[in-house]
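Spelled out, the chains give:
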Amino acid sequence: MPTASLSPEQAFGEVLRELRVDHQLSQEELALACDRHRTYISLLERGENSPSLRTLLRLATALDVMPSEILRRVEARLAGR
């Protein structure tokens, strides 16, 4: 449930989880596709870590979306939309 009080990390995590589920990928499958560990994907989804630019690009490739689309969704989530 989006709220303006989310941290950027929490908003990113929510967007990442939504995209992963929409693509019917497990955390492990996404991790393998972007050469990261499953626990790191979990940390991202829980808003406990921030991705590097390199990781953002790898996630976008694995999820078949533009990195700018991920960031657009994060911005919208932070704005409460």
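Since this is a predicted model, take the numbers as computed values, not measurements.

Chemist: Teacher, can you tell me more about the pattern of salt bridges here?
Modeler: Opposite charge on two side chains lets them pair, provided their charged atoms get close. Applying the stated criterion across every chain yields a total of eight salt bridges. Ionic pairing is found between R46 and E48, a salt bridge with its closest N-O pair at 3.2 Å. Of the residues examined, R46 reaches a relative accessible area of 44% and is grouped as partly exposed. Residues joined in a network through salt bridges with shared partners are E14, E18 and R77.

Chemist: Please clarify how the environment of A76 should be interpreted in this entry.
Modeler: Along the chain, A76 falls in helix α5 (residues 67-78). Along the sequence, A76 and F12 sit 64 residues apart, while their C-alpha atoms lie 11 Å from each other.

Chemist: What's the story with the side chain of R77 in this structure? I'm lost.
Modeler: Residue placement: R77 occurs in helix α5. Of the polar contacts made by the side chain of R77, one reaches the side chain of E14; its length is 2.5 Å.

Chemist: What exactly am I supposed to notice about the environment of R36 here?
Modeler: Along the chain, R36 turns up in the loop between α2 (27-33) and α3 (38-45). Not counting the four nearest positions on each side in its chain, R36 is found in contact with A31, I41, R54, T55 and R58.

Chemist: Even after reading the chapter, I still don't get the nonpolar core, so can you show me in this structure?
Modeler: As a rule of thumb, soluble globular proteins bury nonpolar side chains together. Formed by 19 residues in total, the largest nonpolar core has its most connected members in F12, L16, I41, L44, L59 and I70. For this core, the secondary-structure elements that each account for two or more residues are α1 (8-22), α2, α3, α4 (53-63) and α5. In terms of residues, this core owes the most to one element, α1, which gives five residues. Excluding its chain neighbours within four sequence positions, the residues that come into contact with F12 are L44, P51, L56, L59, I70 and V74.

Criteria and thresholds
- Residues numbered from 1 in each chain as written.
- Predicted model: local features only at pLDDT ≥ 70, side-chain atom pairs only at ≥ 80, totals over all residues.
- Heavy atoms only, no water.
- Salt bridge = Lys/Arg side-chain N within 4 Å of Asp/Glu carboxyl O.
- Buried < 20%, exposed > 50% of the residue type's maximum accessible area, 1.4 Å probe, protein only.
- Helix = DSSP H or I, 4+ residues; strand = E, 2+ residues; numbered from the N terminus.
- Polar contact = N/O pair within 3.5 Å; in protein donor to acceptor, adjacent residues only side chain to side chain.
- Contact = heavy atoms within 4.5 Å.
- Core = buried A, V, L, I, M, F, W, Y, C linked by side-chain atoms within 4.5 Å.

So, to be careful, I would describe these as geometric facts and stop short of saying anything about function.
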